Amino acid sequence: MALAKNPRSVLHALEPIGLGTGEVESLLSYLCRLAVSHSTSTLSLSRAVAQRFEHEVEEQFDWYHRSLSGIGESALTWSSALSAMTSVPRLDRLTFLPWKEVIAQNGLPIISKGQFCPQCFADDHNSGRTPYFRLAWESKSVSVCHVHRSRLTQHCPCCGKDNVRHAASLVVPGWCTKCGSFLGCEAHGHDTQLSIKPVELWRARQIRELLQAQDQLDVLPQRQALVDSISHIIGEMDGGKSAHFAKRLGISKSTIHYWLQTDNTPTLEASLRVASQSGISLLKLLSGDLFGWNAPSEGQQLALALLKPVTQQRAQRREIDWREVEIQLQRCLLEPAPISVREVSRRLGIEPRQLYLNFNQMTRQIAERWKAYRKRVRDERVEAAMPHIESAARSVLSTGKSLNLREVTSHVQPDVLSGVHGLFRVLREVRERGR
Ligand SMILES: [Zn+2]
Ligand SMILES: [Zn+2]
């Protein structure tokens, strides 16, 4: 690549999106857009950057496995490298690095299979903006979009695959890396909104406030100010008794002891709990700014307690009537319409693995029946689409163009092709028939 050969060469000075707002772009998004603007793959660009700025580059370099947008070494290396190469200053504002001193080193988990808000992508598209990944989506503490009040997803609305946001060598933010479809879509009604808990919205709002503020920080928030604040809060709410306060948070007493007595720093999760129980915002807590804060009164405390995440309880062991399960499985095999093992498992409330373990032969029969049925449906769809594809192929060839997927699909009504799998294979067949 040219930029590796020429050390003075500079990448495009691409403008980051959303600086100073809660919708600020992530560094990962920036890297992907930068690659697109240089008409190269994200993988090649990341290799070129890594070769210049990291001492050793592993053979299998996976840029998306590094938490580029977090608070660790990768975020630091990559934000400074990209700033140097693009001449855009302070790209660390596209990461959580400004909070590095007040969040424990491994205390800000980054989501590994990217999550996104389809409505945000749709908004980007409709307003003529380049679709991009929000930094807020990177944090595991965020599960909903605070703009649309809808749940973030990891799945492509078109092909249903997850991990489609990155993990491919070429990533165009907003498009599925598996099937190429646009990941944006309008609201699906209220069903997703209803399942959102107040605590999820509250968390998303807290993170949003951090991101909004991080562009304007004069001094980076310091650990000591945070610890002093926590100590003050414990004094006001629990008369200085750490054990009481620990109970409110649902964490161990010794954890608080380590914050106050040694140089341990709270994780983001722990600070969120402190904020939720004391009624201070996460931003103020991490900035060590207690101005105007008063210990919540009894009634307020009850309301705030709602914001505390529920610690996961072990699911109750359930007695399964295996004889009844067997009867149900037999019934499934006799039903005229085949159903999938997944669907059977859902209906019976028993994991597919359990079904295979206990009723191996019957479960496999159900799976085979479903597979054969699916194949039949697919073949029928191809059969129905074939005349349309053939006629499209003829028109493409008559204009002197070559017969490729893009040309053919642009000549066929989308609904005709929607259920057709393996279009490449079908096209090859058409080509061979034409010879
Ligand atoms: Zn959204
Ligand atoms: Zn897809």
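Criteria and thresholds
Residues numbered from 1 in each chain as written. Chains lettered and ligands numbered in written order. Predicted model: local features only at pLDDT ≥ 70, side-chain atom pairs only at ≥ 80, totals over all residues. Heavy atoms only, no water. Helix = DSSP H or I, 4+ residues; strand = E, 2+ residues; numbered from the N terminus. Buried < 20%, exposed > 50% of the residue type's maximum accessible area, 1.4 Å probe, protein only. Areas by Shrake-Rupley, 256 points an atom, 1.4 Å probe, with all protein chains shown as cover. Lys, Arg positive; Asp, Glu negative; His and termini not counted. Charge placed at Lys NZ, Arg CZ, Asp CG, Glu CD. Donors = N, O, S within 2.8 Å, 3.2 Å for Na, K, Ca; no water. Tetrahedral: all angles 85-135°; square planar, octahedral: opposite > 155°, others 65-115°. Patch = residues over 30% accessible without salt bridge, like charges linked within 9 Å, V, L, I, M, F, W, Y side chains within 5 Å. Salt bridge = Lys/Arg side-chain N within 4 Å of Asp/Glu carboxyl O. Core = buried A, V, L, I, M, F, W, Y, C linked by side-chain atoms within 4.5 Å. Domains from an automatic or database assignment. Contact = heavy atoms within 4.5 Å. pLDDT = per-residue confidence, 0-100. Axes fitted to C-alpha atoms, helices over the stretch in contact; angles between N-to-C directions. Parallel < 35°, antiparallel > 145°, perpendicular 65-115°, else oblique. Nonpolar A, V, L, I, M, F, W, Y, C, P; charged D, E, K, R; others polar.

Participant: Would you mind going over the overall build of the protein in detail, with residue names and values included?
Facilitator: A count of helical and extended segments in the protein gives 20 helices and two strands. Each principal axis of the C-alpha distribution contributes one length, and for the protein these read about 85 × 70 × 40 Å. Counting the 435 residues in the protein, one finds 43% classified as buried. As presented, the protein carries roughly 24000 Å² of accessible surface, and 50% of it is formed by carbon and sulfur atoms. In the protein, 55 positive and 44 negative side-chain charges are present, and the distance between their average locations comes to 4 Å.

Participant: Describe the coordination of the zinc ion (ligand 1), listing the residues and the values that go with them.
Facilitator: The zinc ion (ligand 1) binds to the protein through Cys117 (SG), Cys120 (SG), Cys145 (SG) and His148 (ND1); the donor distances cover 2.1 to 2.3 Å. Its four donor atoms give the zinc ion (ligand 1) angles of 107 to 115° at the centre, a pattern that matches the tetrahedral case. The sequence pattern formed by the donor residues of the zinc ion (ligand 1) is C-x2-C-x24-C-x2-H. In this pair, Cys120 sits in helix α5 (residues 118–126) while His148 sits in the loop between β1 (144–145) and β2 (150–151), placing the two residues 28 residues apart along the sequence. A single burial state applies to Cys120 and to His148, both of which are buried.

Participant: Can you break down the coordination of the zinc ion (ligand 2) residue by residue, with the values?
Facilitator: The zinc ion (ligand 2) binds to the protein through Cys156 (SG), Cys159 (SG), Cys176 (SG) and Cys179 (SG), with metal-donor distances spanning 2.3 to 2.4 Å. What the four donor atoms of the zinc ion (ligand 2) show is an angle range of 108 to 113° at the metal, which sorts the shape as tetrahedral. Each donor residue of the zinc ion (ligand 2) lies on one chain, and together they are spaced C-x2-C-x16-C-x2-C. For Cys176, a relative accessible area of 5% corresponds to the buried category.

Participant: Provide a residue-level description of a positive patch on the surface, including the pertinent values.
Facilitator: A surface patch of like charges, here positive, comprises Arg374, Arg378, Arg381, Arg425, Arg428 and Arg431. If you list the elements that add at least two residues to the positive patch, you get α17 (360–398) and α20 (423–434).

Participant: Quick rundown of the nonpolar core? Include the residues and the values.
Facilitator: Core analysis: the largest hydrophobic core is formed by 78 residues, its most contacted members being Leu82 and Ile233. When residues of this core are assigned to domains, at least three fall in each of domain 1 (1–218) and domain 2 (221–305). Non-local contacts of Ile233, meaning those with residues more than four positions away in its chain, are made with Asp238, Phe245, Val274, Ser278, Ile280, Leu285, Leu290 and Trp293. In terms of nonpolar packing, the next biggest core, distinct from the first, is built from 16 residues, Ala385, Met386, Leu423 and Val426 among them.

Participant: Provide a residue-level description of the confidence of the model for the protein, including the pertinent values.
Facilitator: Confidence in the prediction of the protein, expressed as mean pLDDT, is 85, and 90% of residues score 70 or more. Of all helices and strands in the protein, the one with the weakest mean pLDDT is helix α1 (residues 2–5) (40), whereas helix α12 (residues 282–287) scores best (96). In this model, residues 1–9 is a region of pLDDT below 50 whose contacts with residues beyond four sequence positions or in other chains number twelve contacts.

Participant: Tell me what's going on with the environment of Val142, and back it up with residues and numbers.
Facilitator: Along the chain, the position of Val142 falls in the loop between α5 and β1. A C-alpha to C-alpha distance of 39 Å links Val142 and Val325, two positions 183 residues apart in sequence. What Val142 contacts, discounting residues up to four positions off in sequence, is Gln115, Ala136, Leu152, Ala204 and Ile207.

Participant: Requested: an account of the packing of helix α8 (residues 223–238) against helix α9 (residues 242–249), with residues and values cited.
Facilitator: Packing of α8 against α9 brings their axes to within 9 Å, and their N-to-C directions diverge by 95°. Accordingly, the angle class assigned to the pair α8 and α9 is roughly perpendicular. Between α8 and α9, the contacting residues are Ile233, Ile234, Met237 and Asp238 on the first element and Ser242, His244, Phe245 and Arg248 on the second. For the contact of α8 with α9, the per-class residue count stands at four nonpolar, two polar and two charged.

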